[in-house]
Structure formats: structure tokens, C-alpha cells
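Here is how the chains run, residue by residue.
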Amino acid sequence: MQPKLKSKVRAADREIGEVTRVIMDPLSREVSHIVVSMNGSGERQVAMAHVQSVSDHLVELRSAASEILALPAFKREDFVTTHEVEIAHLEENIHVTPGEVLVPFPELEKSVKRRTFFMNFTHAIGFLIGLPIAYPVLRYLMKPMYQPFDNSWLKIGNVGKIKQEDIGVQFKYKKKVKEAYMPEAEIEKNVWILKATPAVLEKVYQGKDMEFRDATGMSVWVNKKEVPYIAFSGKCPHLGCGYKWRQHKLLGQVFLCPCHLSIYDAAGKVLDGPAPRPLDALPIKVSASGDVQIVDMEFKAGTKAQIRIV
Amino acid sequence: MTDQETTSPVKLALKLLWFTFWTGFPIKLAFALLFLAMGIINFEARIGLGFLMVLASPVTVFALPILMMGLDSHIGEGVGIGLLFLLCIPIDIWAYGVVARTYFLDRLRLEPPDGIGLSLWIKTAIIGALYLPILWLVVGFTTETGISTAHSLFETEMLKWVPIAERIGIELTLWGTVSTAVLLVMLLIGLSIIGRVIRSATTGAQPAQENYQRRVMRWDLMRVPADQGLMLTAFAGTGVVLSLLFWSALPVTTPHPHECCKKPEVKAQPPYKPLDALNKDEKLITQLTAQLDELEKKKAEEGTQGKNKGKGKAGKAAEAKADSKATAQPAPKKP
Amino acid sequence: MQESSSTSTQPTALEKVIAFVDERVGLKTLQAKMLNEPVPGGSRWAYIFGSILLFIFIMQAVTGIFLMFYYVPTADHAYASTQYIIHDVDYGWFLLSYHFWGSTAMVVCVFAHMSQVFLWGAYKKPRELIWLVGLALFGLVMGFGFTGYLLPWDQRAYWATTVGVEIMDKTPVVGDFMARFLKGGPTPGQMTLSRFFVIHVMILPAALMGLAGLHIFLFRKAGPAGPFRGSVEELKVKSDYFFPRQVWKDIVGMVTVFLSICAMAFWEPVVLLEEATPDPGDYHPEPEWYFLFLFQMLRLKIFAGEFGQFLGAVALPGAFMALLAALPFIDRDPERNIFKRPIALIGWIVVMATILIFTVSAIINREFLD
């Protein structure tokens, strides 16, 4: 029940005044009491339990006037107004304003067609402010994302330092890179090369020469399956960490990646761990004097398919 | 407003200890920070445990030294740890007082007796000193046994094949659950003992007469000091003093420098002592003049021998002598 | 407040200024409305975590701005400028260590805050939107930690980021694009550093401020949920206002967090490894501690292989976040007492225990990496 301010209050026997204030319980957000003016003999705080009915301008109480008069006096200092305290969800629960306050509605705004047209036109213009910028911004942000590949041969050392067959030997080399505006830098990279016995060669090549193509499908290089040297990219195909050649307690001499414990045999096949594909072989050229050249390629990590990215 | 006289001892102890710990914690932390800045505390590996134990006094305040000495578990070095413990004593007694009074009024409807903070502190500190080493031993033993059992379980033929990551996870879950359960049980027993002690402290107390609203107002207003100006000034003043100490103690550059940027070792010059230097020099000069005289004597002897051979030579020798004497004379006068 | 004086009836200069502003701004009413928010059942220590998070964010922004006075976000200067801050700038080591440990404190308090809201059932009607915005904020905080970690450009930073971005690459369809976008190319380099820097110091802070503002606005609109048990009389007797009681509790919480972060800065000041190189060498990459549980989970055999990695790194966490987002719409029971919501309680314990076990496992696993 929502008694209106200023509505008359009538006890069971006679009229006793009007509603001067309404008191709300902040926890339940219901009207808990009304304050009745008592026609000058001191405001009384009347609980809603006493109220029998509420109409638009009249509140009827079920108790007699004398009972109401006997109630304790209303103490203003025990309360604060809803202007001084924020009560959540107040407007949904309480409607005690004495009527509405109105202001005139401009003639021009009465046309609905006018309003909708200008609203839609504003939306269109706003959209068109953004649109021309969208495409250049996308290209702007995407500029460095897809790079052409560098297929040049790099000299990385001599196979003379490989003493045994089927043993992984790390070749460290420096590669010159120029990234955007940065000064040309030399980064250190490494590959693992092994001198393979025919058994291991067979496992790697599986009877076919290894062909490397570029993005258009043109052949860049072919690793002949008879060449006994294999170069594996130094990055683990799982997530790109650098792996090592180690002695494993159960599997013997293997390539082992410390990040997630992917294990590969001398032919690069996955023995254990989360690696999705075998080690990536690179184009390799070995001259008569034993000088090794490779094309430095990098492949996307974590995929079953071998996808070149650098 | 429920009748709290039938609260279990465990809940009672938990409530009081929890709130007392957190009431004192920020103050202890401020001092701990100052000591860290001054470099008089160095916590070792088990930082979390150590720190909590130091600050979880009152229960640990006597227990921790016993543990460190008797059971050989080292939490750190530095005179600051001892200082921190000493500081914890008045802080805990005060915190206990505040929390106990609040609880008595709010839940137990009793008048808090005088000196409740101190009496509670003494009792719980002693209980802690006796009980915590037992708890430490029991939980430690359970954990060690649990870890080794879990390890050996995975060494068996049946389970050797389990890969590393899974093995670690399962082992940890196994012994972790057991250790946690044992720890919880030991804690519950300890709390129940403390709870009974607290409950015995309540038996003598008078019932509080006022209604709930008034009792809540009492403990609420208990926190507002009688002389606000004095308290706030003292508090702010202490804070300023501690900050000044902190500023002067804070190391300007990192206490853990990297290999790349170690500051060069500057060897201090030995202090210059003027009197000693003068004495040393004088001695040197007299020594040198004596040597020179001897050399001249020798030359003179050779010269007299050489006189027979030719005057020119002697003349030259004499001139040379005279020259050398002349040069020798001014030299000692120089310094 | 009564400022009655028997000797003068003229308002003081200060009072006149306040009255001037108040007449134009409605200052007194605004202040009253902002501060006098009733907290049903009274202010509680359990509610402090939201304000603490705001405090930590402000401290991170402030210390971050100070760091930017000396830090240079290029691959050839990032490491050196960070070392300069640590070794040569007066108290630079302390500011950087504060910023670093502040991020840990942020994650800890985010977990505490989310747990508190969950356990108190304060995500239920009418607070569903606050919860959703909160989940977005959680994502932002994780993003902050991830992007900030790269900036010192030492081995740890470089490799943790490389591994993290490669994991994101596993997302089907958009994974490759997203990873290249973040890396600014096929491999990590200068472009990556520039992008992470912009994201860390401009994009994420702007997003956080906007969403945090929305979060607080929605919270005030809905009102605090209050405790989940207690008689009506107890709640009424203990009701007080946001100011000063809850603010007081919030400030004590802030001080405690502040002192704790300073203490951590002393115990473990930031120490960099060697400068980043494309070859990890002897270094075993590891993310920040709050990602360790995911890192360890990905080591399990069930998540091996390309699809397995996607499942463990993207699908499963994504599904869990989706579950959290759907929570207010699935759980319609208005009961908020956690002890009467067994599924919720057990679920929370299981999730927290799982995260703890995996985190500790990751730490133990370090011994087995050679």
C-alpha cells in the first residue's frame, strides 16, 4: 500500500489530520510507517499495521483516534531523508510524490517522423565517420604480420666436427636480420646436424627426396635422399623452444626438449612428449671440402602440418 | 541474536584468534617492513611459513623460539626477528583485549572482565608453546611419510609407466590430502583446547544488562578514543617518525645486483699519517748521507792512491769529490 | 555540524567558498549520496577486496608511470633501461619491485574478491550484470600480467611470452591471425615489444578504467547484497553507512596490502636474467606464477598433440569461463547462504584445490627438467 503525501487520514471514528511524511524500511523497501499531522496536537508515527485502506486522497485507519493519539510522538531526528542517503531501487518501490510536475512539450518535437529521420541520419553519419578509417587502420596494424621468405644459403660450418654417425651435433651460426626500422642485427641461431647412417636416412626420407617449395608452389630446393647429412631446425616443433641432445635413461641417445619434454630419435621422429610432428629438416648443401650451407627456415610450432613462417 | 553460550569451543577459539591475528597484523607488518628495510631481518626459504608464524602470535610467540632451537627449523636470521617478537607482545595483548571485549558484549551478553587481554594472552601463549611443537612434529612426520610412500608407490612395477607430470600431480594429491587432513585435525584439537580455556574465562563474568542495540553501540564506540586529537596526533606522529626511519634505512640501489652492473670495488686509501711520514723520511735521509760519506771516504782513499799516478787524475778526482760533496750537502736540506 | 560562535555570525572564508560551490554543483547532496550508502548488516571485512583492487590498480598505474620515465620500449634498449632503473636510479629497484609484486597482489586479490562474491551468492539476481563485467575485468587483469611480463626483455620475459602466444595460436580459424597480430609478425621481435607496450600502458588501462567504472556504477545501482545470514533485528542493529565504517575497513585493508607488497619488494627484489636471445640456451621457459597451473596442465598426456594443446589451453579454460558467465542464469535459486548451497561450496573447493595442486606440481616439476 502506498499512501500519498498530503492525503487525509481518518481514524475509525473521525478525521485526525493528513499524511505529512512517509517512512520506509531500507532493507525491505516497503513503507513501514506514516506520519500523521494530528491537526496540530503533535505528529504521530503510525505503523502500516494500523492502516485499513488507502485510496487516492484518503487513508483509513482501523484504530480509534484516541489510540492513535496515545502512540509515541514522531521524532524527526531519528530519521534522514532519501536525498541524504542513497537507497537502491527506491523509485521502483515507492511512489509518494503528490502528483506529477509537468513542463510543455515543444511543437517541433511532436513529429515522430522528424525524430526518427534525424536519429537514423545521425547514426548513418557516425558510421560513415568510422568507415573510411577502418580499412587503412586494419592494413596499418597488419603490416608486419605476413613477411616474404628469405631463401638465401648460409654457411654455418664444416662437417669435419662431426666425429660419429647418428649423433646430433649442434652448429651455432649468426644470421643477419633487419627488422622494420631497427639497425641490422646479428642473431644467434643453431641447427642440429647429423651424419646419418642409411637406416636413419631411410627413416627421414622414406624413399622420397625432400622438396622445399615457396608460397607460389615453385620449388626452392630438393634435399637428395642419398646425401648423408641431415640438418634439423633448432626449434622444437611443439612450441619453439631450443632442444638438446641428451642421454635418456630408457630411450638412449635422443633429442630432448626441456620445455615440455618432447623426445625425438636421431631421425627426428617423435618418441615421447607433446610434439605434434617430427623435427623439421632444412635444405642442406655440403661441399666437397665439407663446408655446410643451409637455408634458414622456421616453421609454425604446435601444428601437425609443417607450415613455413620465416 | 542467538544464544551463544552453547557455541562449541572450536568456534569460540577460531573467532577470537582469527580476529586478534588480523587486528594486530597491520601494526606488526609496519614494523616488520621497517626492519626489512634496515636489513636486520633476513628470512630464509620458508618465508611464508616463517612470516605467518612470527605474525600469528600470540599462539606462536613462545612456540617459535622453542621450535627454532629444539627442532632445528630455521626460519631466518637477524636481530630483527627477536625484536619483532618482543613488539608482538604488547600488540597482541591490546588486540586480544579489543576482540575479547567485542565478543563478550556482542555474542555472549557478558560484561568483559578487566585485564581480559592480558590473561587470555598468557594462557594462549603457554598453550601454544606446549602444543605447537607437538603439532609440528606430527604433521612433519606425516608429511615425510606421505611423500616417501607416494614416491615408492610410483616406483612399483604397476605404476612405473605413469609419465612425469601426471605422477607429480597424483603424488601431490595423495600426500597433500593426508597431510592437510592431519593438520586440520591437529588444529581442531588445539583450537578446542584454547576454546575451553576461553570458556573458563567467561564463567566468572557478569551478564550485561542492556539490549542488543546498546551493546553493539558499546563495542562500536569502544573503538573511538576519548581524546581524538591526542590519539590522531600521536598516531600520525609515530607514522611520520617511522617513515623518516624508513627513508634513511632504504637502500638506494638494489640489494641484489646483477652481474651486468655490479658496482666496482673501491679500495680505501690507507690513511695518511704526517708525523710517521716525516720520521720515516728523516731516517731515510740520515741513512743515505751515511752511505754517501762512506762512498766519499772510499773515493778519497782511491784518490790518494791515484795521486802518485798523476796530478790531473787526482785533480779531477778532487774536483769530482768536491762536486759530489757540494751536491750532497743541499740534498738533505730539501725536505 | 554546528559551527556556532558567540562572537561572530559571519561565515568564514572557507565556508563561503564551500557554499558557493555547493550552490552550483550540489556538492553536499552529492557527497551525501556517494558516501551515505547504507550497508545492510553493517560494513564487513569480507567486502574490502573490491576497494583494495581499485587501490592496487591506482598504485600500479602510478608506479608504472614513474617507470616510464626511464624505460625504453625498444628491443635494443628495453633490457638496458630496465637494468638502469634497478641499479642506477635512486630507489628504482624499489619502485620496479613494487610494480612487479603489485601485479601478484592484484591477482591474489582478484581471486579473493571473486571467491567472496561467489560464496556470498552476490552474483544472483539482480546482480548478474555486475558479475559479467567483473569476469571481463578478470580477463583484463590477466592480460595486464601477460603483456607486462615481456617488457624487461630478458630471457624469462621473452620465452614466457613466446610460449604463451604460441599456445594462443592453437585456436582454430582465428589462432594464426591472433598470434601474428600480437607478435607483429611470424616471430617475436621489436614489433612484439611495441604492441605489448601499447596494449599494456594504453589499451588495457583505458579498458580497465571504463569497465571498473561500469562495475562500480552497476554495483551502486543494485546495492550491496549484504550478509547471507542473520536475523532481521541483527541486520538492522548493525546497519551503518559506507562512510566512514566500510571506508575505514577498506583503508586498513589497503594499508595491509601496501605494506605486504613493500615487504615482498625487500624479500625478492626484481632480478633480471640475461638479455633475451632467440635461443633459450639453458633456460627453461616458465610463465608467471598465476599461469603455472595452466602450464602444468598442458604437460599432461591427455593434452598432447595439436588438438590436445588447443583443448587444454583454449577450449577448457574458455569453457570454464563460459560456465562462470552463465552462472547467474543457471543458478536461479535465491538462496545465498553458502552452507545451504552444497554444489557451489564443493565446486569452489574443488576448483581452488585443483589450481593449487597444479601450481605446486609445476614447481616440483622444475627438478625433472634436465
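Residues numbered from 1 in each chain as written. Chains lettered and ligands numbered in written order. Predicted model: local features only at pLDDT ≥ 70, side-chain atom pairs only at ≥ 80, totals over all residues. Heavy atoms only, no water.

Asker: Quick question: what am I supposed to make of the overall build of chain A here?
Answerer: From N to C terminus, chain A includes four helices and 18 strands. Taken against the 2.2 N^0.38 rule, which gives 19 Å for 310 residues, the C-alpha radius of gyration of chain A at 43 Å runs more than 25% over that of a compact globule. Expressed as a percentage of the 310 residues in chain A, the buried residues total 37%. Long-range contacts, defined here as pairs at least 24 residues apart, represent 50% of the contacts in chain A between residues at least 6 apart. When the accessible area of chain A is evaluated, it comes to approximately 18100 Å², of which 58% is carbon and sulfur surface. Within chain A, the 36 negative side-chain charges are centred at a point lying 10 Å from the centre of the 42 positive side-chain charges. (Helix = DSSP H or I, 4+ residues; strand = E, 2+ residues; numbered from the N terminus. Rg over C-alpha atoms; globule rule 2.2 N^0.38 Å. Buried < 20%, exposed > 50% of the residue type's maximum accessible area, 1.4 Å probe, protein only. Contact = heavy atoms within 4.5 Å. Areas by Shrake-Rupley, 256 points an atom, 1.4 Å probe, with all protein chains shown as cover. Lys, Arg positive; Asp, Glu negative; His and termini not counted. Charge placed at Lys NZ, Arg CZ, Asp CG, Glu CD.)

Asker: Looking at this structure, how should I read the overall build of chain B?
Answerer: If you tally the helices and strands in chain B, you get 11 helices and two strands. Mapped from its N terminus to its C terminus, chain B presents α and β elements in the order α-β-α-α-β-α-α-α-α-α-α-α-α. Across the 335 residues of chain B, 35% fall into the buried class. The long-range fraction of contacts in chain B, counting pairs at least 24 apart against all pairs at least 6 apart in sequence, stands at 82%. Carbon and sulfur atoms provide 67% of the accessible area of chain B, an area that totals close to 20900 Å².

Asker: Help me out: how do you make sense of the sheet that holds strand 16 (residues 270-272) of chain A in this one?
Answerer: Paired through their backbone hydrogen bonds, the strands of a sheet run either parallel or antiparallel. Residue and element names in this part refer to chain A. Spatial ordering of the open sheet is given by 13-14-15-16, a layout of four strands whose pairing is antiparallel. In this open sheet, the two edge strands, each paired with only one partner strand, are strand 13 (244-248) and strand 16. Sheet analysis places strand 13 next to strand 14 (residues 252-256), joined by five bridges and oriented antiparallel. When the bridges of strand 14 are listed, arginine 246 appears paired with valine 254. (Pairing = 2+ DSSP bridges.)

Asker: So what exactly am I meant to see when it comes to the sheet that holds strand 3 (residues 30-36) of chain A here?
Answerer: Residues and elements named next belong to chain A. Reading across the sheet, the six strands line up as 4-3-2-1-6-5 and stay open at both edges, with mixed pairing between neighbours. With partners counted over all chains shown, the strands left at the sheet margins are strand 4 (44-47) and strand 5 (51-54), one partner each. The sheet shows a mean angle of 35° between the axes of neighbouring strands, direction not considered. Bridge count between strand 1 (residues 8-10) and strand 6 (residues 58-61): three bridges; the pairing is parallel. From the neighbouring strand, lysine 8 faces strand 6, where its bridge partner is leucine 58. (Axes fitted to C-alpha atoms, helices over the stretch in contact; angles between N-to-C directions.)

Asker: Where do I start with the interface of chain C and chain B in this structure?
Answerer: The accessible area lost on association of the parts is a frequent measure of interface size. At the interface, 40 residues of chain C touch 40 residues of chain B. Together chain C and chain B conceal approximately 3500 Å² of surface at their shared face, both sides included; 69% is due to carbon and sulfur atoms. Looking at the side of chain C facing chain B, the largest losses of area belong to C:His87, C:Phe266 and C:Trp267, adding up to 19% of the total buried there. For B:Asp220, the salt bridge goes to C:Arg245, with nearest N and O atoms at 2.5 Å. Across the contact surface, chain C and chain B share eight residue pairs in polar contact (both at pLDDT 80 or more). Elements that contribute at least two residues to the side of chain C that touches chain B include exactly helix 4 (78-87), helix 5 (92-119), helix 10 (232-238), helix 11 (242-267) and helix 14 (342-365) of chain C. Looking at the side of chain C that touches chain B residue by residue, the classes come out as 23 nonpolar, eight polar and nine charged. (Buried area = accessible area lost by both parts, 1.4 Å probe. Salt bridge = Lys/Arg side-chain N within 4 Å of Asp/Glu carboxyl O. Polar contact = N/O pair within 3.5 Å; in protein donor to acceptor, adjacent residues only side chain to side chain. Nonpolar A, V, L, I, M, F, W, Y, C, P; charged D, E, K, R; others polar.)

Asker: Looking at this structure, how should I read unusual backbone geometry?
Answerer: Peptide bonds are mostly trans, and most non-glycine residues show a negative phi. For the bond from C:Lys125 to C:Pro126, the omega torsion is 0°, close enough to zero to count as cis. Here C:Pro126 shows up in the loop between helix 5 and helix 6 (128-150). One non-glycine residue, B:Arg109, lies in the positive phi region at around 55°. Position of B:Arg109 relative to the elements: it lies in the loop between helix 4 (79-108) and helix 5 (116-155). What makes B:Arg109 partly exposed here is its relative accessible area of 36%.

Asker: Please explain the pattern of salt bridges as it appears in this structure.
Answerer: Any two side chains of opposite charge can pair, on the condition that their charged atoms come close. On inspection of all chains with the given rule, the structure shows 24 salt bridges over all chains. One salt bridge in this structure joins A:Asp209 and A:Lys224, with 3.6 Å as the shortest N-O distance. Taken together, the positions of A:Asp209 in the loop between helix 4 (198-205) and strand 10 (210-213) and A:Lys224 in the loop between strand 11 (219-223) and strand 12 (229-233) put the pair 15 residues apart, joining distant regions of the chain. Ionic pairing is found between B:Arg107 and B:Asp106, a salt bridge with its closest N-O pair at 3.3 Å. On the basis of relative accessible area, B:Asp106 is assigned to the buried category, the value being 8%.

Asker: Got a minute to help me understand a nonpolar patch on the surface in this structure?
Answerer: Residue and element names in this part refer to chain C. Residues Leu54, Ile58, Val62, Ile65, Phe66, Met68, Phe69, Tyr70, Tyr84, Leu95 and Ile216 make up a contiguous nonpolar surface patch of about 1000 Å² in total accessible area. It is helix 3 (residues 49-68) that contributes the most residues to the nonpolar patch, six residues altogether. Looking at where isoleucine 216 falls in the secondary structure, it is placed in helix 9 (residues 190-222). (Patch = residues over 30% accessible without salt bridge, like charges linked within 9 Å, V, L, I, M, F, W, Y side chains within 5 Å.)

Asker: Hey, could you run me through the interface of chain A and chain C in this one?
Answerer: Across the contact, 47 residues belong to chain A and 51 residues belong to chain C. The contact between chain A and chain C buries some 4100 Å² in all, and 59% of this surface belongs to carbon and sulfur atoms. On the chain A side of the interface with chain C, the three residues burying the most area are A:Glu86, A:Met145 and A:Leu239, jointly 16% of the side's total. Taken together, the links from chain A to chain C amount to two salt bridges. Viewed at the interface, chain C and chain A are joined by nine residue pairs in polar contact (both at pLDDT 80 or more). Breaking the side of chain A that touches chain C down by element, the ones donating at least two residues are helix 3 (112-142) and strand 9 (185-195) of chain A. Sort the elements by how many residues they give to the side of chain A that touches chain C and strand 9 of chain A lands first, with three residues. Broken down by class, the residue content of the side of chain A that touches chain C amounts to 26 nonpolar, 11 polar and 10 charged.

Asker: For this particular structure, what's the right way to read the arrangement of the chains?
Answerer: Considering every one of the two pairs of chains in contact, the largest contact total is recorded for chains A and C. There is no contact between chain A and chain B; across them, the least C-alpha separation is 9 Å.

Asker: How should the environment of A:Ser53 be read in this particular structure?
Answerer: Residues and elements named next belong to chain A. Relative to the helices and strands, serine 53 resides in strand 5. Each C-alpha atom of the pair serine 53 and glycine 290 lies 107 Å from the other, and the pair is 237 residues apart in sequence. Apart from residues lying up to four places away in sequence, serine 53 is in contact with Met1, Leu58, Val59 and Glu60.

Asker: Can you walk me through empty space enclosed by the protein in this structure?
Answerer: It is a probe the size of a water molecule, rolled over the atoms, that shows where empty space is left. Residues and elements named next belong to chain C. This structure, assessed with the given rule, holds five cavities of 30 Å³ or more. One number sums up the size of the second largest cavity: a volume of about 60 Å³. At four residues, helix 8 (residues 175-183) tops the list of elements feeding residues into the lining of the second largest cavity. Split into classes, the residues belonging to the lining of the second largest cavity amount to four nonpolar, no polar and six charged. (1 Å grid on protein atoms, 1.4 Å probe; cavity = no way out; pocket = protein on both sides within 12 Å on 5 of 7 lines; lining within 4 Å. Points joined across faces, edges and corners; volume = space filled by probe spheres on them.)

Asker: When you look at helix 9 of chain C in this model, what are you seeing that I'm missing?
Answerer: Residue and element names in this part refer to chain C. Relative to the 48 Å expected for 33 residues at 1.5 Å per residue, helix 9 spans 46 Å between its end C-alpha atoms, a close match to the ideal helical length. Along helix 9, the helix axis deviates most sharply at isoleucine 199, where the bend reaches about 40°. Backbone geometry just downstream of helix 9 places glycine 223 in the positive-phi region, at approximately 80°. (Expected span 1.5 Å × (residues − 1). Bend = angle between axes of the 7 residues up to and from the residue.)

Asker: I tried to follow the packing of aromatic side chains on my own but got confused; where do I start?
Answerer: Two measures describe an aromatic ring pair: the distance that separates the ring centres and the angle between the ring planes. Counted according to the given criterion, the structure contains 37 aromatic pairs over all chains. Ring geometry for A:Trp192 and A:Tyr243: centres 6.1 Å apart, planes at 20°, overall stacked. A residue pair is termed long-range when its members are at least 10 positions apart, and A:Trp192 in strand 9 and A:Tyr243 in the loop between strand 12 and strand 13 qualify at 51 residues. The same class applies to A:Trp192 as to A:Tyr243, namely buried. Ring geometry for C:Phe57 against C:Phe144: centres 6.4 Å apart, planes inclined by 55°, an arrangement best described as tilted. Residue C:Phe57 is located in helix 3, and its partner C:Phe144 is located in helix 6; the two are separated by 87 residues in the primary sequence. Taken as a pair, C:Phe57 and C:Phe144 share a single burial class, namely buried. These aromatic residues form a ring-pair network of at least three members: A:Trp192, A:Phe232, A:Tyr243, A:Trp245, A:Phe255 and A:Tyr264. (Phe/Tyr/Trp six-rings, centres within 6.5 Å; stacked < 30°, edge-to-face > 60°.)

Asker: Quick question: what am I supposed to make of the nonpolar core here?
Answerer: Soluble globular proteins: nonpolar side chains tend toward being buried together. Counting residues in hydrophobic clusters, the biggest one holds 123 residues, and the most contacted among them are B:Phe246, C:Ile56, C:Phe94, C:Trp153 and C:Phe266. Considering each element in turn, this core owes the most residues, 14 residues, to helix 5 of chain C. Apart from the residues lying within four places of it in its own chain, the contact partners of C:Ile56 are C:Gly102, C:Ala105, C:Met106, C:Cys109 and C:Val257. Counting residues in hydrophobic clusters, the runner-up holds 47 residues, among them A:Leu154, A:Leu194, A:Ala266 and A:Val292. (Core = buried A, V, L, I, M, F, W, Y, C linked by side-chain atoms within 4.5 Å.)

Asker: I tried to follow the side chain of C:Arg245 on my own but got confused; where do I start?
Answerer: Structurally, C:Arg245 can be placed in helix 11. Within the structure, the side chain of C:Arg245 is placed 2.5 Å from the side chain of B:Asp220, a separation counted as a polar contact.

Asker: What exactly am I supposed to notice about the packing of helix 6 of chain C against helix 13 (residues 305-330) of chain C here?
Answerer: In a packed pair of helices, the relevant descriptors are the angle between the two axes and the axis-to-axis distance. Residues and elements named next belong to chain C. Across the interface, helix 6 lies against helix 13 with an axial gap of 8 Å and an inter-helix angle of 165°. Looking at the two axes, helix 6 sits roughly antiparallel to helix 13. Seen along the crossing, helix 6 lies across helix 13 with a hand that is right-handed. Of the residues in helix 13, those touching helix 6 at Glu128, Trp131, Leu132, Leu135 and Phe138 are Met321, Leu324, Ala325, Leu327, Pro328 and Phe329. Of the residues in the contact of helix 6 with helix 13, the class split is 10 nonpolar, no polar and one charged. (Parallel < 35°, antiparallel > 145°, perpendicular 65-115°, else oblique. Left-handed = near helix turned anticlockwise from the far one by under 90°.)

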